Amino acid sequence: MKKKYWLLLSTVFAIMLVLAACSEDEDNSSETTGEKPGTEETTKTEGGATTEAPTLSDEVTNDGDVIEGGTLKFALASDSPFSGVLLAELYENGYDGDLLEFMSNTIFDYDGDFLITDEGIAKLDVDADNNKVKITIQQDNVKWSDGTPLTVEDIIYSYEIIGHPDYTGIRYDGDFQNIIGAAEYKAGTADTISGIKKIDDKTVEISMTKVSPAIYSGGDGLWSYAAPKHQLKDIPVKDLISSDPVRKNPVTLGPFKLDKLVDGESIQYGRNEHYWKGVPKLEKIVLQVVPNSSVGEALRTGQYDLTSTYPTTQYDGVKDLKNLTVLARPEKAYTYIGFKVGKWDATKGVNVTNPDAKMNDQKLRQAIAYAIDVEQVGERFYQGLRSRATSLIPPAFSSFHDKTLAGYNYDPEKAKALLDEAGYKDVDGDGIREDKNGEKFSINFAAMSGTDTDEAIIEYYRQNWKDVGLDVQLTTGRLIEFNSFYDKVKADDPEIDMFQAAWGTGSNPSPLGLYGEDAAFNYSRYVAPELTTLMNAIDSKEAIDSAIRVDAFRAWEEYMFEQATTVPIYFRTEIIPVNKRIKNYSVNWANTTEWHEVEVVAEDPIK
């Protein structure tokens, strides 16, 4: 049984890449073996000593008789109110993704390798020779939470929302334009998307310009959700994001439906009596926003059963609690430092690299990467649950992650040498380097607020950079709240020269939706013909041969390492504290407990 986790951000995102803009409530380092939870991971520090990461399971079974129904209490760990955009086609941040998880409208199911199976609401048939796919509703009597039957029109309507001329969301991108007729529909020169053809009430055929290996992970423009056309069809697309069906009373295909909402603060979910896998065992789920700094105490005192995320920096605070079991799994995610080297041209829908940008100096970027002591941060703050990232492919994708890549290990002397070579030298003897023209030089760095340790970590990095002669100042003079941070990054705020953020990757590690010329998520704004060629090779027809695709990923990873416009910092192990009143709970990617299966053995969380 698989739970769909964090369905977010783009076409490339919501399944092809399901990339979620992660809240940066943690960061770490070290050298990972890429092992699954339950094995030991060793972190090497600079002096040769080692710190063993904790050995944690990915599932738990608790004693006790199951009670009928029950209310699960869920903490949404956030220092900001949630936006509350409750439609897969429209939402743009991980918090709204967490809200949608309980009532997801996904139509496909995925296996432990993040590939589409035939076990979901719909099955996928691929005709690679003719660049076509068929989506067929295969489960009988699937209904929306209001009792209306699901039809193929609901699947088609999702595409029509994203492709509509008035759609301003982030999911209309180059990947979506792979669908024949999408560009004409978007331009308003066609009334329909010509490549989407209804075959019958259960089947739709989609014609594409190409079909690649990414299709099996939901890529190539494939969209893995349905939208309730009967509820939304009379609302203009431009007004959907502010409408009641999106904000207050959405209908769902998922196990739960929205019963009560306090804007930005809490949601009470009730059973979806029409859920196609069976009526959920829980009667209710109550979700409330809880500040990151308070989550540990709230779990300790039995206020909540689960939380959307738990800061790895606070692992020591929960590891020995009698009322909790701490589970773990490798995150499909990485933390990174991005360098602004261009702008987003909203009119043309493309990234434009500026050769004269302050950070458009390869050796400067490489020096910045070598200068930070990620290993020390991992030892001090993350108990071995973060490891230095060596590439932009997380180890969870074992087939494509190259363990031989070294990445940017801590090497301040190499950083100094690179800065010297690039012409950044301390002209006036104050310990801070001037630019190539001998003028004062400083770098504006944006980072998110989150846990209590974030400021200490960022200040440590600033000291690392100062140690090699770089003056790095915080954008706005302080860490930035999550929503404001991404607003600034997406808008290419001139106050940002570089920034630290994170991507959560979904089912497909293909990089096109994050680093392509027309990818809105390409926040560094770096584009180059060679980069495009390398990414196209990953998703080429030839790359259906897995060996060819592995080689294509390796070539892209090496290229991105050299360019250093996006530098991965941490691979992440996610920890999930679970209250002991939950009967059975698994977070294994291949067998994650689904929400309709959750049962409890007590009326309230155990304290």
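Preceding this paragraph is the structure being described.
Residues numbered from 1 in each chain as written. Predicted model: local features only at pLDDT ≥ 70, side-chain atom pairs only at ≥ 80, totals over all residues. Heavy atoms only, no water.

## Quick notes on the pattern of salt bridges
Enumeration over the complete set of coordinates arrives at 31 salt bridges. With its nearest N and O atoms 3.8 Å apart, the salt bridge here joins aspartate 604 to lysine 73. With a gap of 531 residues between them, aspartate 604 in the segment after β22 (584-586) and lysine 73 in strand β5 (residues 71-77) connect regions that are remote in the sequence. Among the residues examined, lysine 73 registers a relative accessible area of 28% and is labelled partly exposed. For lysine 490, the salt bridge identified is with glutamate 92, shortest N-O distance 3.3 Å. Placement of lysine 490 in helix α11 (residues 482-490) and of glutamate 92 in the loop between β5 and α1 (94-100) is noted, with a sequence separation of 398 residues between them. Residue class for lysine 490 comes out partly exposed when judged on its relative accessible area of 32%. A residue is classified by how much of its surface remains accessible, and glutamate 92, at 28% relative accessible area, is partly exposed. Salt bridges sharing partners connect three or more residues here, namely Glu153, Lys198, Asp201 and Lys229. (Salt bridge = Lys/Arg side-chain N within 4 Å of Asp/Glu carboxyl O. Helix = DSSP H or I, 4+ residues; strand = E, 2+ residues; numbered from the N terminus. Buried < 20%, exposed > 50% of the residue type's maximum accessible area, 1.4 Å probe, protein only.)

## Brief notes about the sheet that holds strand β6 (residues 122-127)
The sheet built from four strands is open, its strands ordered β6-β7-β9-β8 with antiparallel pairing. Since the sheet does not close on itself, it has two edges, and those belong to β6 and β8 (196-200), each with one partner. Across the sheet, the mean angle separating the axes of adjacent strands is 20 degrees when strand polarity is ignored. Here strand β7 (residues 132-137) runs beside strand β9 (residues 203-207); their pairing, made up of five bridges, is antiparallel. By the bridge assignment for β9, valine 133 is matched with isoleucine 206. (Pairing = 2+ DSSP bridges. Axes fitted to C-alpha atoms, helices over the stretch in contact; angles between N-to-C directions.)

## Some thoughts on helix α14 (residues 546-563)
Between its first and last C-alpha atoms α14 spans 26 Å; for 18 residues at 1.5 Å apiece the expected length is 26 Å, and the two agree. Taken residue by residue, α14 has Arg549, Ala552, Phe553, Trp556, Glu557, Tyr559, Met560 and Gln563 as its buried positions. For α14, the angular spread of the buried residues around the axis is 165 degrees, confining them to a single face. Residues of α14 that are buried in the fold lie against α7 (362-371), α12 (512-515), α13 (529-538) and β21 (566-579). One side-chain oxygen at the N-terminal end of α14 lies 3.0 Å from the backbone nitrogen of alanine 547; it belongs to aspartate 545. Phi turns positive one or two residues past the end of α14, at alanine 564, with a value near 55 degrees. (Expected span 1.5 Å × (residues − 1). Arc of directions from axis to C-beta. Contact = heavy atoms within 4.5 Å. Polar contact = N/O pair within 3.5 Å; in protein donor to acceptor, adjacent residues only side chain to side chain.)

## Side note on the packing of α7 against helix α9 (residues 412-422)
Between α7 and α9, the shortest axis-to-axis distance is 8 Å and the interhelical angle comes to 165 degrees. The orientation of α7 relative to α9 falls into the category roughly antiparallel. The chirality of how α7 crosses α9 is left-handed. From α7, Lys363, Leu364, Gln366, Ala367, Tyr370 and Ala371 reach across to α9, where they touch Pro412, Lys414, Ala415, Leu418, Leu419, Glu421 and Ala422. Within the contact of α7 with α9, the residues separate by chemical class into nine nonpolar, one polar and three charged. (Parallel < 35°, antiparallel > 145°, perpendicular 65-115°, else oblique. Left-handed = near helix turned anticlockwise from the far one by under 90°. Nonpolar A, V, L, I, M, F, W, Y, C, P; charged D, E, K, R; others polar.)

## Points about the sheet that holds strand β12 (residues 284-290)
Spatial ordering of the open sheet is given by β10-β11-β12-β5-β13, a layout of five strands whose pairing is mixed. Edge positions in the sheet fall to β10 (256-262) and β13 (306-307), since each of these pairs with one other strand and no more. Pairing of β10 with strand β11 (residues 266-271), which is carried by six bridges, proceeds in the antiparallel orientation. Residue pairing across strands places leucine 258 opposite tyrosine 269, the latter belonging to β11.

## As for the packing of aromatic side chains
Within the structure shown, the criterion is met by 29 aromatic pairs. Look at tyrosine 336 and phenylalanine 499: their rings are 5.8 Å apart centre to centre, the planes differ by 80 degrees, and that puts the pair in the edge-to-face class. Within this pair, whereas tyrosine 336 is found in strand β14 (residues 324-339), its partner phenylalanine 499 is found in strand β20 (residues 498-504), the two being separated by 163 residues in sequence. The pair formed by tyrosine 336 and phenylalanine 499 is uniform in burial state, with each residue classed as buried. (Phe/Tyr/Trp six-rings, centres within 6.5 Å; stacked < 30°, edge-to-face > 60°.)

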